[in-house]
Amino acid sequence: MTNQSTESKSAEDLAAEQLAEEIVQQAEEQVEEQHEHAHEVISAEQERINELELALAAAQSTVADQKDSVIRAKAEVDNVRRRAAQDVEKARKFALEKFAGEMLTVVDNLERGLATIDAEDENQKTTFEGINLTLQGLLSGLEKFSIKAIDPKDQPFNPELHQAMSMQEVEGVAPNTVIAVMQKGYELNGRLIRPAMVMVSKAAPSVDTSA
């Protein structure tokens, strides 16, 4: 009786153990399936993240390229504007220089005409005053365009502004001094357009006292 009960119990135990093993196996399979599913989900998410990162990098590269293009275009526009402004300024200066050259010829003729008239002669006084008034009005108009005369009488000779036509020794005058102006010079906005034609003093020859 006892042996039969033991055998029956052992069979029940075996069945229970087998059932437990099956349950554990099923549980392990379910865990493995869930793990594989989770791994697939993670992989899909990581792939999506990689795609987004690539798209972001491409967008940033596009923005950088567009920014460089905008900067280059702006620089080119600035260069074109600067060149245009320089061309306009050159054209304006050229036009003024040409205008000044024409007017200086008139000034020279008026000054030469005044030099031939005796201002003290009553018969010529009216003519002198008329020509002189015209000359002063013309010079005043030229000054409005920044055209100024260079009249360096009694000033040191300056080769950048004066052109020496002759040299002469003058007692009591320091060497390289302008002693006469044969033709006035002129400058436009501080730029020389015609040098003054001048006569310059020179030093007296040295005397050899050793003899």
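For the structure itself, look to the data block above.
Residues numbered from 1 in each chain as written. Predicted model: local features only at pLDDT ≥ 70, side-chain atom pairs only at ≥ 80, totals over all residues. Heavy atoms only, no water.

Caption draft 1: Spotlight on the overall build of the chain. Helix and strand content of the chain: two helices and six strands. Overall, the chain shows an N-to-C arrangement of helices and strands of α-α-β-β-β-β-β-β. The 211 residues of the chain split such that 13% are buried. Across the chain, contacts joining residues at least 24 apart in sequence account for 62% of those joining residues at least 6 apart. Accessible surface computed for the chain: about 16,200 Å², of which carbon and sulfur atoms make up 54%. (Helix = DSSP H or I, 4+ residues; strand = E, 2+ residues; numbered from the N terminus. Buried < 20%, exposed > 50% of the residue type's maximum accessible area, 1.4 Å probe, protein only. Contact = heavy atoms within 4.5 Å. Areas by Shrake-Rupley, 256 points an atom, 1.4 Å probe, with all protein chains shown as cover.)

Caption draft 2: Layout of the nonpolar core. Residues V107, L135, L138, L139, L142, I147 and Y186 are the most contacted members of the largest nonpolar core, which totals 13 residues. Those elements giving two or more residues to this core turn out to be α1 (2-115), α2 (122-144) and β4 (185-188). Ranked by residue count, the leading element in this core is α1, at six residues. In this structure, L139 is in contact with V107 and Y186, ignoring residues within four places of it in sequence. Core analysis: the second largest hydrophobic core is formed by five residues, I150, V178, A196 and V198 among them. (Core = buried A, V, L, I, M, F, W, Y, C linked by side-chain atoms within 4.5 Å.)

Caption draft 3: Spatial organisation of the packing of aromatic side chains. With the rule as written, the count across this model stands at one aromatic pair. Ring geometry for F99 versus F145: centroids 5.5 Å apart, planes at 55 degrees, classification tilted. Residue F99 is located in helix α1, and its partner F145 is located in the loop between α2 and β1 (147-150); the two are separated by 46 residues in the primary sequence. (Phe/Tyr/Trp six-rings, centres within 6.5 Å; stacked < 30°, edge-to-face > 60°.)

Caption draft 4: Quick look at unusual backbone geometry. Despite not being glycine, D154 has its phi angle at roughly 70 degrees, a positive value. Here D154 lies in the loop between β1 and β2 (162-169). Judged by its relative accessible area of 56%, D154 is exposed. Look at N189: it is not a glycine, yet its phi comes out positive at around 55 degrees. Mapped onto the secondary structure, N189 falls in the loop between β4 and β5 (191-194). Overall, N189 belongs to the partly exposed group, its relative accessible area being 43%.

Caption draft 5: Highlighting the pattern of salt bridges. Scanning the entire structure with this criterion turns up seven salt bridges. Between K74 and D78 there is a salt bridge, and its shortest N-O distance comes to 3.2 Å. Taken as a pair, K74 and D78 lie in helix α1 at a separation of four residues, close to a single helical turn. What makes D78 partly exposed here is its relative accessible area of 29%. (Salt bridge = Lys/Arg side-chain N within 4 Å of Asp/Glu carboxyl O.)

Caption draft 6: Region of interest: the environment of S166. Within the fold, S166 resides in strand β2. On the basis of relative accessibility, which here comes to 28%, the residue S166 falls in the partly exposed class. Spatially, the C-alpha atom of S166 lies 7.3 Å from that of V198, the residues being 32 residues apart in sequence. With sequence-adjacent residues up to four places away left out, S166 is seen in contact with V198, M199 and V200.

The values reported here are purely geometric and, on their own, carry no functional implication.
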